[in-house]
Amino acid sequence: MVDLARQAWAIARKDLLLEFRSRTAIISAAVFTALVLVVFNFGRDPTAVPTLTIAPSILWVTFSFSGMMALNRAFALELENQALEGLLLSPISRYSLYLGKLAANLVFVAAVETIGLFLFALFFDVPIWDVLAALVGVIALATVGFIAVGTLFSAMVIRTRFAELMLPVLLLPFLIPPLVWAVQATGALLAARPLSEVTGSLKLLAAYDIVFVTLATFLFPAVVEQ
Amino acid sequence: MTLAQRGRWVTLIGLALLAVVYLRALAYTPVELHQGPAQKIFYIHVPAAWSAMLAMGLVGLASILYLLVKDPRYDRFAAASAEVGTAFSLVMLTTGPIWAKPIWGTWWTWDARLTLTLFLFFIFLGYLLLRGTVGDAGLRARYSAVLGICGLVLLPFIHLSVYLFRTLHPQPIVLKPSAPSLPGSMLATLLFSFAVFTVLYLGFVIQRYAIGDGRDVGDA
């Protein structure tokens, strides 16, 4: 168990270090997120629909696209110089490899989502500050389940043709349950409804996370096995 | 008799029995009081949904078995079942709106069961697309098994995520805690149709499996 965590950390650290040194991916993802928000601003009629009505959809569609972008790069960098073969030869369990990749992806997506959340509050003048803690909880729970499946699938699609198109086609159906609950919870929070109204959604999100993190961890060896 | 021939026979029997279902549904089953003749589509729609669900369940089961024992026959069966399931989902997704327009006044609504079956269709499509993009047979089998299992686990969550909204789809009338609430002749037609659609599912899958068998032999 300790080994598993240590090895996973080594993988995550390697990925994040690479990311931190080049910074290209994170900056591109942040710019992409900002642009999606801008597109939303011009894709609606502000006189017809009040911002608060559409705010949860804007936030979650933006996060879905940003998450998908982030996942496309997760295993792409392991393809260069057969880096994945090297990783598989190293005395690291497949489970650690998956959990490390998942952790690195989560940190990456969390960074992008943080930038996205502030830009969202700024661009659309949404009062997120009073409910920030609860909102971050909702975002974290929804992101974990989505990225857990996404990490598994991104390891698969890199070795298929049309990888960039296959990932969204396979992954978007898995985004629906977390999206439904996250949008409901976000809507309730932004409308200043009592917290008790979102606990149901939070429980469902947590259940989804537990099921899919476990399932993906156990299925991952079948994906990378030679 | 080869497997493909056997599959063809099962399919022919299924198709002949399907004609009996049509005949029975149109001529020997009473017209429903409120919905009129539109209700007749129920004898095709519900059994098609059953076959699609059965197909997905067996794709998931065959996927688990494949990952456990790595026998390519399970993979071939899963591929056959997914293809047949796609066809049945399409029957279900086209007959549903045809019924819904006169009865609900809308072709489509984001009701729990409609959403669930739409995603069932999307998962089947994703599964078949994924199989098409992987060249290596072993890799293809493992990838599709992973997707098959994930898809099977996802469906209850999709159902749960939309079930909490109000639902427009008719509630279960046969498989429910109390006794089925429809006349005996309607129930008989429906149950008969369930059996026929199961036979059709089997016939199609056997044929498709036999084709996959021959294709793999040809590759070797």
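Residues numbered from 1 in each chain as written. Chains lettered and ligands numbered in written order. Predicted model: local features only at pLDDT ≥ 70, side-chain atom pairs only at ≥ 80, totals over all residues. Heavy atoms only, no water.

Tallied over the full model, the rule gives 19 aromatic pairs over all chains. Seen from their ring centres, A:Phe118 and A:Trp129 are 5.6 Å apart, and the 25° between their planes marks the pair as stacked. Highlighted residues: A:Phe118 in helix 6 (residues 94-124) and A:Trp129 in the loop between helix 6 and helix 7 (132-157), separated in sequence by 11 residues. The exposure class of A:Trp129 is exposed, given its relative accessible area of 52%. Arranged with centres 6.0 Å apart and planes meeting at 45°, the rings of A:Phe120 and A:Phe124 form a pair that is tilted. Remark: A:Phe124 and A:Phe120 occur in helix 6; sequence separation between them is 4 residues, near one turn of the helix. Among the residues examined, A:Phe120 registers a relative accessible area of 0% and is labelled buried. Classification of A:Phe124 by relative accessible area gives buried; the value is 4%. Here A:Arg23 stacks its cationic end above the ring of A:Phe20, 5.4 Å away from the centre of that ring. Above the ring of B:Tyr209, the side-chain terminus of B:Arg76 is found at 5.9 Å from the ring centroid. (Phe/Tyr/Trp six-rings, centres within 6.5 Å; stacked < 30°, edge-to-face > 60°. Helix = DSSP H or I, 4+ residues; strand = E, 2+ residues; numbered from the N terminus. Buried < 20%, exposed > 50% of the residue type's maximum accessible area, 1.4 Å probe, protein only. Lys NZ or Arg CZ within 6 Å of the ring centre and 35° of its normal.)

Residues and elements named next belong to chain A. Contact geometry of helix 3 (residues 51-74) with helix 8 (residues 163-190) gives a least axis separation of 9 Å together with a crossing angle of 150°. Remark: the crossing between helix 3 and helix 8 carries right-handed chirality. By residue class, the composition of the contact of helix 3 with helix 8 is 17 nonpolar, 4 polar and 1 charged. (Axes fitted to C-alpha atoms, helices over the stretch in contact; angles between N-to-C directions. Left-handed = near helix turned anticlockwise from the far one by under 90°. Nonpolar A, V, L, I, M, F, W, Y, C, P; charged D, E, K, R; others polar.)

Let us now look at helix 1 (residues 2-22) of chain A. In an α-helix there are 3.6 residues to a turn, and that puts residues three or four apart on one side. All names here are of chain A. With 21 residues, helix 1 should cover 30 Å at 1.5 Å per step; its first-to-last C-alpha distance of 30 Å lies within 8% of that length. Every buried residue of helix 1 is listed here: Gln-7, Ala-8, Ile-11, Ala-12, Asp-15 and Glu-19. Along the axis of helix 1, the buried residues cluster in a sector spanning 130°; they form a single face. Exposed residues pointing more than 90 degrees away from the buried face of helix 1 are listed as Val-2, Arg-6, Trp-9, Phe-20 and Arg-21. Each element contacted by the buried residues of helix 1 is listed here: helix 2 (24-42), helix 3, helix 4 (76-79), helix 5 (83-89) and helix 6. (Expected span 1.5 Å × (residues − 1). Arc of directions from axis to C-beta. Contact = heavy atoms within 4.5 Å.)

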